[in-house]
Amino acid sequence: MDRLERLINLVIALRETRTPLATADIRERVAGYGQDDYEAFRRMFERDKADLRALGVPIETQALDPWGDRVGYRIDPERYDLPRIEFTANELAALSVAVEAAGLADRAGSGLRKLEVAAGQRLAGTPPPAVGVGLGAPHLEVLAEAQVARIPVRFAYRKPGEAAERRTVDPHALVHRRGRWYLVGDDHDRAARRAFRLDRIAGTVAFAGGPGAFEPADDAARVDAVVPETQPGEPQEAAVAAAPDVAWLVARAARGGGRARADGWTCYDVPVVDAERFVSWVLSFAPGVEVLTPAELRARVRTAAGALAGDGA
Amino acid sequence: MSSATLRRLERVLLMVPWLLEHPGATVSELAERFGGSPEEVLRDLDTLGYCGLPGYGGGDLVEVTVFGDRVTVRMADFFARPLALSVKEAVTLLLAARALAGVEALPEAGPLARAADKLERLLGADAAAGLTVELKAPGAEHLPAVREALDRGRVVHLAYRSESKAELTERDVEPWTITAHGGAWYLQGWCRLADGPRDFRLDRVRDLEVLAEPAPRAEHAPAPPVYRAKPGDPEVTLALAPQARWVAEWLVTDQVREHDTHLEVVFRAATLDWAARLVVSLAGQARVVGPEELAQRAAELARATRELHAP
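### Digging into the packing of helix H1 (residues 3–16) of chain A against helix H1 (residues 3–21) of chain B
Here is step 1 of the chain: One way to put it is that H1(A) packs onto H1(B) with a least axis distance of 10 Å and a crossing angle of 50 degrees. By the criterion of interaxial angle, the relationship of H1(A) to H1(B) is oblique. Considering how the two elements wind past one another, H1(A) and H1(B) form a crossing that is right-handed. Touching A:Arg3, A:Leu4, A:Leu7 and A:Ile8 of H1(A) are B:Thr5, B:Arg8, B:Leu9 and B:Val12, all from H1(B).
Here is step 2 of the chain: Tallied by class, residues from the contact of H1(A) with H1(B) come to 5 nonpolar, 1 polar and 2 charged.

Here is the structure:
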């Protein structure tokens, strides 16, 4: 018999049964499993079960007696059926553009087709979008699955210039920032939260536990502490003057329009979230941007530039 | 594991709900929509006709009718819905949706935000909270115009300030694609001024105008917009303080050497001027190891800035 036929029959039997089916029931009743040799049947069933689960078919194992000595299997139709949250044609077309643009079309195609079928949509093939955001990264899917299901993971991690080290991590968040993917999680051996760059994970990522093994961390703010980002704080404002050739670049960062100065430079008000980053930004135009006020930031730029001038003046 | 069989199963589980909703669909339509050849689709439908509820008697089997090239499936209510999204599928779709929903300039942003909400409900909102995609980057205000030029196949005119030369140039570009890379948006295309393929960071575009002139389409997707050293580009060595370690990850480096107090990076710069402004902007967190000319240029820029900020 065709293996496809056996698998379809198994899905139907497990889905339509009211009580979990023991292996003996399956062997006896499901077409395709009538082997004389029990061991051969057992191996066949185990393999089918694993493959179906890998495909996403929710086969549940349930105890058939109070002591859990005998187990049976069934598929909960509620978990099998795609929930009735329907997507509009517009949303599906946009999703199709998004997965192409994200470079995830190969991996997202099967999910997208399920949604299209459920919506009864007959989507024309979308032309390759003219936008690319390249979100694909090694290990991304397995880590996302672990993060969502709260499964600890184990992997070898290599920092530049160092040998790879084994890490065991509770994955709390996956963050794409400044063009890179980071895993943010609690490192078991270091007993601390760490960020790991996905492109530095060597080899494969293995599950190191079962689902729900740790509590979710709702302190998303700490993600910012691990992955460098703008520090939260009271933004202040600085007045700057910009040379003609860079005025338009400074205008981008400014609040409101510019005021022309007699010497051809233009003055702008610029929000300052983090003083250090602001000084670095001013210096990146060296010497095309002058800080007018506040005096404290003006002095900081002067000091920083003086230290770099290298003439001791 | 016989993955061919599993792919067939996946196709059947997807095709049956569709067929229940669309009786009389043609074999070629099914093949096109669900993948595979018409022969393969027919073979799978044939197999399906032998499947059903245990007992496998008259009322238990799935009823598959192929009349001419039209297919009808009945008695398969257990497959009325597609299989629920796996966690992987839902997460992948959500990532893509969230990423582009955040780019407000794109026409898809609105529908994607709604799609992302629905995917979160499918996945469980708590679970989805740990997935963050941030594509916010300066220069995004040019995205709608670039997008328009791409959709209509038009040449764009740019006023562009290149980082390596620090000068504003005017040029016509045949646009190929918009790419987010390393925290910035790029327009990639054929530059008529340089007479070659070029990448333009949108935050350094001062003005962008969509011209009436048609532009040829890209023949293939361009390589990612990363700096590729050309022969003769100067080699630069910097010592980075711990706070400036990120520079080593951001640059395309030739060598990285770990020292007790600092990280030494060797890389090639498009111009020494560009490298000098990088050194100055790092405000003391980077020291020039070589060449000497770079150290001098950085010091000149610093002195000019100090004078500009005299008390």
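### A closer look at the confidence of the model for chain A
Here is step 1 of the chain: When pLDDT is averaged across chain A, the result is 84; 88% of the residues are at 70 or more.
Here is step 2 of the chain: The secondary-structure element of chain A with the lowest mean pLDDT is helix H8 (residues 221–226) of chain A, recorded at 52, while H1(A) shows the highest, at 95.

### Some details on the sheet that holds strand E10 (residues 236–242) of chain A
Residue and element names in this part refer to chain A.
Here is step 1 of the chain: With respect to topology, 4 strands assemble into an open sheet ordered E11-E12-E10-E13, the strand pairing being antiparallel. Each end of this open sheet is capped by a strand with a single partner; those strands are strand E11 (255–260) and strand E13 (289–293). Taking the axes of each pair of neighbouring strands and ignoring which way they run, one obtains an average angle of 35 degrees across the sheet.
Here is step 2 of the chain: Note: E10 against strand E12 (residues 266–272), 7 bridges, orientation antiparallel.

### Quick word on the sheet that holds strand E3 (residues 71–75) of chain A
All names here are of chain A.
Here is step 1 of the chain: Sheet architecture is open: 3 strands sit in the order E1-E3-E2, paired in antiparallel fashion. A single partner strand is all that each edge strand has here, and the edge strands are strand E1 (21–22) and strand E2 (59–63).
Here is step 2 of the chain: Here H1 sits on the sheet and contacts E1, E2 and E3; the angle it forms with E3, its principal contact strand, is near 100 degrees.

### Side note on the nonpolar core
Here is step 1 of the chain: By size, the foremost hydrophobic cluster in this structure holds 120 residues, and its most contacted members are A:Leu95, A:Ala98, B:Leu93, B:Leu94, B:Ala96, B:Ala97 and B:Leu100.
Here is step 2 of the chain: Take this core: its biggest share by element is 11 residues, from helix H4 (residues 87–101) of chain B.
Here is step 3 of the chain: Grouped together as the second largest cluster of nonpolar side chains are 48 residues, A:Val270, A:Val279, B:Leu240 and B:Ala276 included.

### Considering unusual backbone geometry
Note: most peptide bonds trans; most residues except glycine with negative phi.
Here is step 1 of the chain: Residue A:Thr293 is joined to A:Pro294 through a cis peptide bond whose omega torsion reads -5 degrees.
Here is step 2 of the chain: Secondary-structure assignment places A:Pro294 in the loop between E13 and helix H11 (295–309).
Here is step 3 of the chain: The linkage connecting B:Gly290 with the following residue, B:Pro291, adopts the cis geometry, with an omega of 0 degrees.
Here is step 4 of the chain: Position of B:Pro291 among the secondary structure elements: in the loop between strand E13 (286–290) and helix H10 (292–308).
Here is step 5 of the chain: Residues other than glycine seldom take positive phi values, yet B:Met75 does so here, at roughly 60 degrees.

### Remarks on the pairing of strand E8 (residues 192–197) of chain A
Residues and elements named next belong to chain A.
Here is step 1 of the chain: One ladder, built from 6 bridges, connects strand E7 (residues 180–187) with E8; its direction is antiparallel. By the bridge assignment, Leu183 is partnered in E8 with Phe196.
Here is step 2 of the chain: Where E7 folds back onto E8 in an antiparallel hairpin, the turn is made up of 4 residues, including Ala191, whose phi is positive at roughly 50 degrees.

Cut-offs applied
- Residues numbered from 1 in each chain as written.
- Chains lettered and ligands numbered in written order.
- Predicted model: local features only at pLDDT ≥ 70, side-chain atom pairs only at ≥ 80, totals over all residues.
- Axes fitted to C-alpha atoms, helices over the stretch in contact; angles between N-to-C directions.
- Helix = DSSP H or I, 4+ residues; strand = E, 2+ residues; numbered from the N terminus.
- Parallel < 35°, antiparallel > 145°, perpendicular 65-115°, else oblique.
- Left-handed = near helix turned anticlockwise from the far one by under 90°.
- Contact = placed C-beta atoms within 7 Å.
- Nonpolar A, V, L, I, M, F, W, Y, C, P; charged D, E, K, R; others polar.
- pLDDT = per-residue confidence, 0-100.
- Pairing = 2+ DSSP bridges.
- Core = buried A, V, L, I, M, F, W, Y, C linked by C-beta atoms within 7 Å.
- Buried ≥ 20, exposed ≤ 12 C-beta atoms within 10 Å, placed from the backbone.

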